Amino acid sequence: MPKDAHPTPLDSADVILSDLDGVVYRGAAPIPHAIAALNSARKSKTVGFLTNNASRLAADVAEQLVSMGLRADADDVVTSPQATLLLLSKVVEPGASLLAIGGPGLTVVLEGAGYRLVRTADENPDAVVQGFSPRVSWADLAEATYALASGIPWVATNLDAALPLERGLAPGNGALVAAVRAVVNREPLAAGKPETALFDAARERFLGSRWLFIGDRIDTDIRGAKRSGMSSALVFTGISRPQDAFAAPPDARPDFILRDLRDLTLPYPSTRLTRNDQFLTSTVANSVVAAEGRRIRLVAPGDEPMNVIRATAALVWEHTVTFDSPRLDAELREVIAGTLD
Ligand SMILES: [Mg+2]
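Residues numbered from 1 in each chain as written. Predicted model: local features only at pLDDT ≥ 70, side-chain atom pairs only at ≥ 80, totals over all residues.

### Looking at the nonpolar core
Reasoning step 1: Within the largest apolar cluster, 99 residues are counted, with the highest numbers of intra-cluster contacts made by Leu198 and Val289.
Reasoning step 2: Broken down by element, this core gets its largest block of residues, nine residues, from helix 10 (residues 305-319).
Reasoning step 3: Aside from chain neighbours lying at most four places away, what touches Val289 is Ser282, Ile296, Arg297, Leu298, Val299, Val308, Ala311, Thr312, Leu315 and Leu332. (Core = buried A, V, L, I, M, F, W, Y, C linked by C-beta atoms within 7 Å. Buried ≥ 20, exposed ≤ 12 C-beta atoms within 10 Å, placed from the backbone. Helix = DSSP H or I, 4+ residues; strand = E, 2+ residues; numbered from the N terminus. Contact = placed C-beta atoms within 7 Å.)

### Here we look at the domain arrangement of the chain
By convention, interface size is frequently given as the accessible area that disappears when the constituent parts associate.
Reasoning step 1: Along its sequence, the chain is carved into domain 1 (10-52 + 195-265), domain 2 (83-189) and domain 3 (271-339).
Reasoning step 2: Taken over C-alpha atoms, the centre of domain 1 sits 27 Å from the centre of domain 2.
Reasoning step 3: With six residues of domain 1 at the interface, the matching set in domain 2 holds six residues.
Reasoning step 4: Its residues assigned to classes, the side of domain 1 that touches domain 2 shows three nonpolar, two polar and one charged. (Domains from an automatic or database assignment. Nonpolar A, V, L, I, M, F, W, Y, C, P; charged D, E, K, R; others polar.)

### A short note on the sheet that holds strand 9 (residues 154-156)
Reasoning step 1: Strand order in the open sheet made by the five strands is 7-6-8-9-12, with parallel pairing throughout. Each end of this open sheet is capped by a strand with a single partner; those strands are strand 7 (116-118) and strand 12 (189-190).
Reasoning step 2: Note: strand 6 (residues 97-101) against strand 7, three bridges, orientation parallel. Directly across from Leu98, in strand 7, lies its bridge partner Leu117.
Reasoning step 3: Here helix 4 (residues 104-112) sits on the sheet and contacts strand 6, strand 7 and strand 8 (127-130); the angle it forms with strand 6, its principal contact strand, is near 165 degrees. (Pairing = 2+ DSSP bridges. Axes fitted to C-alpha atoms, helices over the stretch in contact; angles between N-to-C directions.)

### Details of the sheet that holds strand 17 (residues 280-284)
Where strands meet in a sheet, backbone hydrogen bonds hold them as pairs that are either parallel or antiparallel.
Reasoning step 1: Reading across the sheet, the five strands line up as 16-17-18-19-20 and stay open at both edges, with mixed pairing between neighbours. Strands at the two margins of the open sheet, each flanked by one partner only, are strand 16 (271-275) and strand 20 (327-328).
Reasoning step 2: Across two bridges, strand 19 (residues 295-300) lies against strand 20 in parallel orientation. Across the sheet, residue Ile296 finds its bridge partner in strand 20, namely Leu328.
Reasoning step 3: Across the face of the sheet, helix 11 (residues 330-339) comes into contact with strand 18 (287-292), strand 19 and strand 20 while running at roughly 65 degrees to strand 19.

### A few points about the pairing of strand 6
Reasoning step 1: With four of its five residues buried, strand 6 lies for the most part within the structure.
Reasoning step 2: Relative to strand 8, strand 6 is paired through four bridges, and the arrangement is parallel. Within the sheet, the bridge partner assigned to Ile101 lies in strand 8 and is Gln130.

As structure tokens, this is what we get:
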């Protein structure tokens, strides 16, 4: 590598783990460039997929990925019910009886691991496991609250409040868990992002030492990866926008900020922060932004607008240590807004 060349995000890891919704696909449609980038990454890296979705089996997820042209099989997919097994192994004995609320994505995994599933609180389950299914009813939630009254462990596959569907946002597992929580007045253990069990399950599955997790959400993906000690890349093909990255608290700041997955194999320039009496300046390649008090302004747009976003993020993250609510100048906001059009 020439002296002035920067490593790519892909160079930083030997295992690439990717979120699915908002990174690989959106609903039924593949996200532009994602499939080609991940297939190409597989030539030199281990690539795995992590999903909080508890309603589908890993094999079904893999089948969908293959139908989009991605090379993947069931063993490459880690689901939140699989991560739930890790949590269960810490709170119940092997073969314990479980009151499982959820669909086949959950029940098949629990039964496959040797647990005995019961349908009512009267059967004295050793724990309650709660995952999403569109068929979960009031009667199911009531069995959970009856069973939890005895103080047995409660494990949720994930706590995503909202489920994005074609017609809008619908109640997700987090909303159904909240209904139970309102009655039993305690918190479940949770397996999905941003908790660490899903990442831990991936660590057990894939051999490696340097992990890069790619996600589209600051609050779940990036926070969870950091908690798990993995490096992380935020990609702007899903939920989080540049402003969300700027506002990220220290425990949810990504190591890389990507426009789309093509950026995985492009040199990722380093950030240089310099301070004088008046200004704090952030430089990424030939993009420069500067902070004066709370005001952040564009000094030089440079050749690559993503570098303006990267420089601004570094500046805001450094800046908020000493100042509240940074204000971005109109010109800077315009360049940032135009980057993702
Ligand atoms: Mg996502």
